[in-house]
Amino acid sequence: MPIRTSSARWSGNLTEGSGTIRTGKGGFEGNYSFKSRFEEGEGTNPEELIGAAHAGCFSMAFSKGLADAGHTPTSVETTAKVHLDKTDAGMTVTRIDLDSVVDAPGIEDGELQKIAQGAKENCPISRLLSPGAEITMTARLA
């Protein structure tokens with residue numbers, strides 16, 4: 001399997017500096033700053049990128065699980081909300097809430113929930129993050 005690479009450059013001090021985050025193959029490049037991370041400033045931040053990675057990984061795993069069960073989806077759309085909180089250990093990602101909307105023919109809600117739970121447990125990004133962060137998940141049909 002290939003090794004994935006990303007990079008970041010930061011200039012200046014923590015509160016007034018700024019930086020750029022980019023993926024190795026050039027698929028994404030974004031600016032980030034103290035304000036985009038800890039306030040509501042323009043730009044991205046590491047937590048949004050973790051959320052995007054988690055939503056993407058979960059959506060793919062969910063799609064595979066649905067197809068394996070005979071319900072190949074038309075679409076799986078997932079939003080990840082990453083909670084960054086101040087703890088005794090410092091700023092920490094404490095929870096990620098995954099919310100998926102699925103368009104898949106012929107599936108009942110009980111089976112949808114079982115497959116979603118399996119995707120949550122087996123997505124590589126969930127496995128990476130779950131020892132330290134709580135991961136919640138909701139799944140519903142479109």
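For the protein chain, the name recorded in an unreviewed UniProt entry is Osmotically inducible protein OsmC, with Asanoa hainanensis as its organism.

Section: the pattern of salt bridges
If the charged atoms of two oppositely charged side chains come close together, the side chains can form a pair. Counted under the stated rule, the structure contains 5 salt bridges. A salt bridge links Glu-47 to Arg-37; the nearest nitrogen and oxygen atoms lie 2.6 Å apart. Here Arg-37 lies in helix H1 (residues 34-38) and Glu-47 lies in helix H2 (residues 46-68), a separation of 10 residues in the sequence. When the shortest N-O distance is used, the salt bridge between Arg-95 and Asp-97 registers 2.8 Å. Classification of Asp-97 by relative accessible area gives buried; the value is 16%.

Some words on helix H3 (residues 109-122)
The terminal C-alpha atoms of H3 lie 20 Å apart, and with 14 residues this matches the ideal 20 Å at 1.5 Å per residue to within 8%. Every buried residue of H3 is listed here: Leu-112, Ile-115, Ala-116, Ala-119 and Lys-120. Along the long axis of H3, the arc covered by the buried residues comes to 145 degrees, so they all point the same way. For H3, exposure combined with an orientation more than 90 degrees from the buried face picks out Gly-110 and Lys-114. Residues of H3 that are buried in the fold lie against H2, strand E5 (90-103), helix H4 (124-129) and strand E6 (134-141).

Re the sheet that holds strand E3 (residues 29-33)
Across the sheet, 3 strands lie side by side as E1-E2-E3; this open sheet has antiparallel pairing. In this open sheet, the two edge strands, each paired with only one partner strand, are strand E1 (6-11) and E3. Ignoring strand direction, the axes of neighbouring strands in this sheet form an average angle of 20 degrees. Pairing of E1 with strand E2 (residues 18-23) involves 6 bridges; the strand directions are antiparallel. Bridge assignment links Ser-6 to a residue of E2, and that residue is Thr-23.

Conventions used here
- Residues numbered from 1 in each chain as written.
- Predicted model: local features only at pLDDT ≥ 70, side-chain atom pairs only at ≥ 80, totals over all residues.
- Heavy atoms only, no water.
- Salt bridge = Lys/Arg side-chain N within 4 Å of Asp/Glu carboxyl O.
- Helix = DSSP H or I, 4+ residues; strand = E, 2+ residues; numbered from the N terminus.
- Buried < 20%, exposed > 50% of the residue type's maximum accessible area, 1.4 Å probe, protein only.
- Expected span 1.5 Å × (residues − 1).
- Arc of directions from axis to C-beta.
- Contact = heavy atoms within 4.5 Å.
- Pairing = 2+ DSSP bridges.
- Axes fitted to C-alpha atoms, helices over the stretch in contact; angles between N-to-C directions.

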